[in-house]
Amino acid sequence: MPSLKQYRVRIASVKSTKKITSAMKMVAASKLKKAQEQAEASQPYASAMAGMMARVASGVVIGPNSPKLLIGTGSDQTHLLVVVTSDRGLCGGFNGNLVRRVRNEVRKLQNEGKAVKLLCVGRKGRDILKRDFSSLIVHFFTGLAGRTDLSFAEADEVSQWILEQFDAGAFDVCTLVYNEFVSVLTQKPTFQQLIPFKASEGNASNDNRHLDAVVEPVGVSGPYSFEPEEDRILGALLPRNLGIQIYRSLLDSGAGEQAARMTAMDNATRNAGDMINKLSIQYNRARQAFITKELIEIISGAEAV
Amino acid sequence: MAQTTATTFNFELVSPERRLLSEPARMVTIPGEEGHFGVLPGHSALVATIRPGVVEVHGADGGDVRRIFIAGGFADVTSTSCTILAEEAVNVSDLSLESLEKALGRLKEDMSLTKDDIERSRVTRKINLVQAKIAAVSGKIAA
């Protein structure tokens, strides 16, 4: 049985752990609020962009000369998965769940005989994926995930890289994998195809959210005119749309990360509390046993005299 | 809706980060890729790309004209609204000629140091942007 001192040390250490986790929980809560605000603030642009894409796409006749971002390269041999995770840990199953889905997807694609490349945004995802697929990771970005002051220009670096690779013919299909922020308690791993561009399907919940927000123009008389012509607008819109999707996924994932951390730290705080209670009972029992033992020793000593 | 008699329309300026401006306007002039165009209430529906330049907003109250520099983007115009999706937007009055020229000098220095083609095109883009800003501040129409 451990000595009384050992119990005291143990209780003190659990207490300080509890302090840390509850502080982390509060930090995560305030960061979550900021992240949610930011995600909300980016909504008007995303919904306006979605509306414009729909309008332009409806006017475009798809032909062999349409932008490759829209129609694809005509093959689906090489897949690029863009995995958005957090840079930091201590957020429960946030990264693990996502990476598990990615791992299954990679295996599935490989079984179908497709080549897979991975682009990791966020340190944690890279660290976990490196164990199994270190040869598949072509590039990674860190310092973007989970920030509360992420600017579009920074997120756009990721999309620039993707576009450069696409133009160089490094892959045919690009899919974005991220944790969608559903609620504070739920983050849903989501696959969203970026290239070739898909209007909805698979991420219907996402796009509907945007399309619902689009106020349908009232009193539009006659069809839209485009300046310059549809094809060229589309050529400019598609890369921008790619950027905005990545920006949005980073914000969503950032909010999800803070929410996951808040939940995880809440659990940890509660567990630490339980542990302190349990240890205190054991400590008190040991103390009583010790006192009883001393009393017995004194009494039997006195009796012996 | 009293569209025919409306003298203002809803003007919105949004950047990826947030909504910058949402207010009624009497007229807005936009530097479209294929030339400047003005938007008045009842404009025909139009989608256009914007090159770096100055957007002029004539507010509903008939006060001063607000000049906003935009680093390219898209405009979505209907008869009752005009939405600009901007990559970057600053009030022209917030730009200072001095610091811009300093930035231009630095970029030109960078340009002479870089040899990489990709890097060079990046710097060129930045230089064009700063030059457009300078043109906006000095009151000329950006070329």
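Residues numbered from 1 in each chain as written. Chains lettered and ligands numbered in written order. Predicted model: local features only at pLDDT ≥ 70, side-chain atom pairs only at ≥ 80, totals over all residues. Heavy atoms only, no water.

1. Notes on the overall build of chain A
A count of helical and extended segments in chain A gives eight helices and six strands. By the compact-globule yardstick of 19 Å for 305 residues, chain A is too spread out, its C-alpha radius of gyration being 28 Å. Expressed as lengths along the three principal axes of its C-alpha atoms, the size of chain A is roughly 115 × 50 × 25 Å. The buried share among the 305 residues of chain A stands at 45%. (Helix = DSSP H or I, 4+ residues; strand = E, 2+ residues; numbered from the N terminus. Rg over C-alpha atoms; globule rule 2.2 N^0.38 Å. Buried < 20%, exposed > 50% of the residue type's maximum accessible area, 1.4 Å probe, protein only.)

2. A short note on the packing of helix α1 (residues 4-41) of chain A against helix α8 (residues 230-304) of chain A
Residue and element names in this part refer to chain A. The contact between α1 and α8 brings their axes to 7 Å, and the two run at 160°. One way to sum up the angle between α1 and α8 is to call them roughly antiparallel. In terms of crossing hand, the pair formed by α1 and α8 is left-handed. Residues of the contact of α1 with α8, tallied by class, amount to 24 nonpolar, nine polar and nine charged. (Axes fitted to C-alpha atoms, helices over the stretch in contact; angles between N-to-C directions. Parallel < 35°, antiparallel > 145°, perpendicular 65-115°, else oblique. Left-handed = near helix turned anticlockwise from the far one by under 90°. Nonpolar A, V, L, I, M, F, W, Y, C, P; charged D, E, K, R; others polar.)

3. Quick word on the domain arrangement of chain B
All names here are of chain B. Segmentation of chain B into domains returns domain 1 (9-92) and domain 2 (95-138). For domain 1 versus domain 2, the separation of C-alpha centres amounts to 25 Å. Counting from both sides, the interface comprises nine residues of domain 1 and, opposite them, six residues of domain 2. Summing both sides of the interface, domain 1 and domain 2 together bury roughly 590 Å²; the carbon and sulfur share of this comes to 70%. Across the contact surface, domain 1 and domain 2 share one salt bridge. Between K133 and E88 there is a salt bridge, with its nearest N and O atoms 3.2 Å apart. The tally of links from domain 1 across to domain 2 stands at two residue pairs in polar contact (both at pLDDT 80 or more). When residues of the side of domain 1 that touches domain 2 are traced back to their parent elements, those giving at least two are β6 (65-70) and β9 (89-91). (Domains from an automatic or database assignment. Contact = heavy atoms within 4.5 Å. Buried area = accessible area lost by both parts, 1.4 Å probe. Salt bridge = Lys/Arg side-chain N within 4 Å of Asp/Glu carboxyl O. Polar contact = N/O pair within 3.5 Å; in protein donor to acceptor, adjacent residues only side chain to side chain.)

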